[in-house]
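Observations on the model geometry
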Amino acid sequence: MSYLLRKRTMLIVRSFTILLLSCIAFKLACCFSSSISSLKALPLVGHLEFEDVHHASKDFGNRYQLIPLAVLHPKSVSDIASAIRHIWMMGPHSQLTVAARGRGHSLQGQAQTRHGVVIHMESLHPQKLQVYSMDAPAPYVDVSGGELWINILHETLKYGLAPKSWTDYLHLTVGGTLSNAGISGQAFRHGPQISNVHQLEIVTGKGEILNCSKRQNSDLFDGVLGGLGQFGIITRARIALEPAPTMVKWIRVLYLDFSAFAKDQEQLISAKGHKFDYIEGFVIINRTGLLNNWRLSFTPEEPLEASQFKSDGRTLYCLELAKYLKQDNKDVINQEVKETLSELSYVSSTLFSTEVTYEAFLDRVHVSEVKLRSKGQWEVPHPWLNLLVPRSTIREFAKGVFGNILTDTSNGPVIVYPVNKSKWDNQTSAVTPEEEVFYLVAILTSAVPGKEDGGVEQILKRNRRILEFSEEAGIGLKQYLPHYTTREEWRSHFGAKWGEFVRRKSRYDPLAILAPGQRIFEKAVSYS
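Cut-offs used in this document
- Residues numbered from 1 in each chain as written.
- Predicted model: local features only at pLDDT ≥ 70, side-chain atom pairs only at ≥ 80, totals over all residues.
- Heavy atoms only, no water.
- UniProt positions renumbered as here; feature names shortened; annotations may be inferred.
- Core = buried A, V, L, I, M, F, W, Y, C linked by side-chain atoms within 4.5 Å.
- Buried < 20%, exposed > 50% of the residue type's maximum accessible area, 1.4 Å probe, protein only.
- Contact = heavy atoms within 4.5 Å.
- Helix = DSSP H or I, 4+ residues; strand = E, 2+ residues; numbered from the N terminus.
- Pairing = 2+ DSSP bridges.
- 1 Å grid on protein atoms, 1.4 Å probe; cavity = no way out; pocket = protein on both sides within 12 Å on 5 of 7 lines; lining within 4 Å.
- Points joined across faces, edges and corners; volume = space filled by probe spheres on them.
- Axes fitted to C-alpha atoms, helices over the stretch in contact; angles between N-to-C directions.
- Phe/Tyr/Trp six-rings, centres within 6.5 Å; stacked < 30°, edge-to-face > 60°.

As named in an unreviewed UniProt entry, the protein chain is cytokinin dehydrogenase, taken from Arabidopsis thaliana x Arabidopsis arenosa. As its UniProt record puts it under Catalytic activity (unreviewed entry), the protein chain is described as follows: "N(6)-dimethylallyladenine + A + H2O = 3-methyl-2-butenal + adenine + AH2". The record in UniProt for the protein chain states the following under Cofactor (unreviewed entry): "FAD".

Structure (structure tokens):
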């Protein structure tokens, strides 16, 4: 009898569960149908796509795939505002969210939204770039949030100008990099890209179009810069410019010891007069024929000694430098470079240099992209790990990670270089270590098919080991391009900035409509 009762109870529970799930599924189907109908009725200059949406469910990380309900191809800022305002007016009864997508170079699905609306920001790109060089006290360029940095470079060079701060890869949108920080080898001197913006046009989570700067709507301006897309979508930006060089002297040298490498980097970024315009570094582990590969693009200072240098089985540290040149000061600068290099502690036989155009130098990573695409190795998973490590603990980090946890760099570069915190605006949402000098450590490993220990899970396991080691050793690092899954992890990441971050979210995107792929806030949906 008891067996029959248990069986009957199980059947009732199962039937109730199936009924409940069916009701929820029916409710969701009705919601989707209603959402599609209401979105189709929006008066737009551009258009909404409901069928061909799968491309918006992928990104450079190649690990997440969230299929949206629709993709908006805006032809005006008002299109973006109308769509967001419409979803805002639908209130908590709608589960629709919005993700702005540039070139899709996110790593963890940050520019994706399941069953929401993805905004294809490059559709705004046909708007002409406006370069102001004569009338303004300092030159600047007004650009669309969906514009690529490579296009900004091409246009501003026509006026003999260029932005001050860059990322290593230029085929990214303005809105994308400004929502994070935008860091490259110029950051020690000019700060990240978010420190070189005069003004923004923003569409908030309520669908408002607001202009903001340090003088106007400054709370929103500071919040959006480095704000991971949480408070508004950047639709236009005013970027600071400087006179552009014509050529670049590009230098590489090697170190056998991390402490000497780091000491020289720190000396260079703190030098008065900025003896170089760009300073980066790389960790190179167990690479065969390294200097022979350099000969394809660089010239050795000591060809015979360079040919005898062996990189096999070693952990090496490459210091990469650049000095901007103009035709009228080339000889003087070359002499200054020579004198500065004489003060450094690199392996003398490993000095390589070349001279390239300014444009070729800034777009150098694109050359690698073309090669990787030709081999089918570009559109692979990229479980990258980007960290900001305090100066006081960088040597302990290097000792524990380079050559120990990280034993190979053949599947992607490991970038290491210091920056000055004084060049960062602490009012923005970007999070950094508290010390005056901290290092970017970017472990950019690709999961290349067929390579031993090159699978996604192995790389992710190694990344977790690095984070666990750092936690146990008290390294005090912060993630750049952060990825967390719990509210407590995000609270810990933002630290003292968390309260302000939550306040701004409540003010500018109270329904948590924007950038759900960051997984910081979740839209509270009411099915009543």
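Right, let's talk about the nonpolar core for a bit. Counting residues in each nonpolar core, the largest one holds 76 residues, and the members touching the most others are Leu-178, Leu-200, Leu-254 and Tyr-358. Among residues more than four places away in sequence, those in contact with Leu-200 are Leu-178, Leu-210, Asn-211, Cys-212, Phe-221, Val-224, Leu-225, Ile-234, Arg-236 and Ala-237. If you look at the next biggest cluster of nonpolar residues, it comprises 42 residues, including Phe-258, Ala-262, Val-414 and Val-416.

Most of strand β18 (residues 437-443) is tucked away, with seven of its seven residues classed as buried. Residues Val-437, Tyr-439, Val-441 and Ile-443 line one face of β18 and the alternating positions Phe-438, Leu-440 and Ala-442 line the opposite face, and both faces are buried. Bridge count for strand β16 (residues 385-390) against β18 is six bridges, and the pairing is antiparallel. Along β18, the bridge assignment pairs Leu-387 with Val-441. The sheet contact formed by strand β17 (residues 414-420) and β18 spans seven bridges and is antiparallel.

In this approach a probe as big as a water molecule rolls over the atoms, and the regions it shows empty are the leftover space. Taken as a whole, the second largest pocket spans an internal volume of roughly 800 Å³. Taken together, 28 residues line the second largest pocket, and the ones lying closest to its centre are Leu-385, Leu-467, Gln-479, His-483 and Tyr-484. Broken down by secondary-structure element, the contributors of at least two residues to the lining of the second largest pocket are β16, α14 (456-473), β19 (478-479) and α15 (487-494). The dominant element in the lining of the second largest pocket, judged by the number of residues it contributes, is α14, at seven residues.

Spatial strand order, β1-β2-β4-β3: four strands in an open sheet with mixed pairing. Lying at the two open borders of the sheet, with one neighbouring strand each, are β1 (47-49) and β3 (98-101). Taking each pair of neighbouring strands and ignoring which way they run, the sheet shows an average axis angle of 25°. Sheet topology note: the β3/strand β4 (residues 117-120) ladder contains four bridges and is parallel. Each residue of the ladder has a partner; that of Val-98, found in β4, is Val-117.

With the rule as written, the count across this model stands at 25 aromatic pairs. With a centroid separation of 5.2 Å and an interplanar angle of 80°, the aromatic rings of Tyr-324 and Tyr-358 are classed as edge-to-face. Here Tyr-324 is found in strand β14 (residues 315-325), whereas its partner Tyr-358 is found in helix α11 (residues 358-362), with 34 residues between them in sequence. Accessibility assignment for this pair places Tyr-324 and Tyr-358 in one class, buried. Aromatic pair Phe-501 and Phe-521: ring centres 6.1 Å apart, planes at 10°, arrangement stacked. Of this pair, Phe-501 sits in helix α16 (residues 498-508) while Phe-521 sits in the segment after α16; the two residues are 20 residues apart in sequence, bridging distant segments of the chain. Comparing Phe-501 with Phe-521, the two get one shared label, buried. Here the aromatic residues Phe-231, Tyr-484, Trp-490, Phe-494, Trp-498, Phe-501 and Phe-521 are joined through ring pairs into a cluster of three or more.

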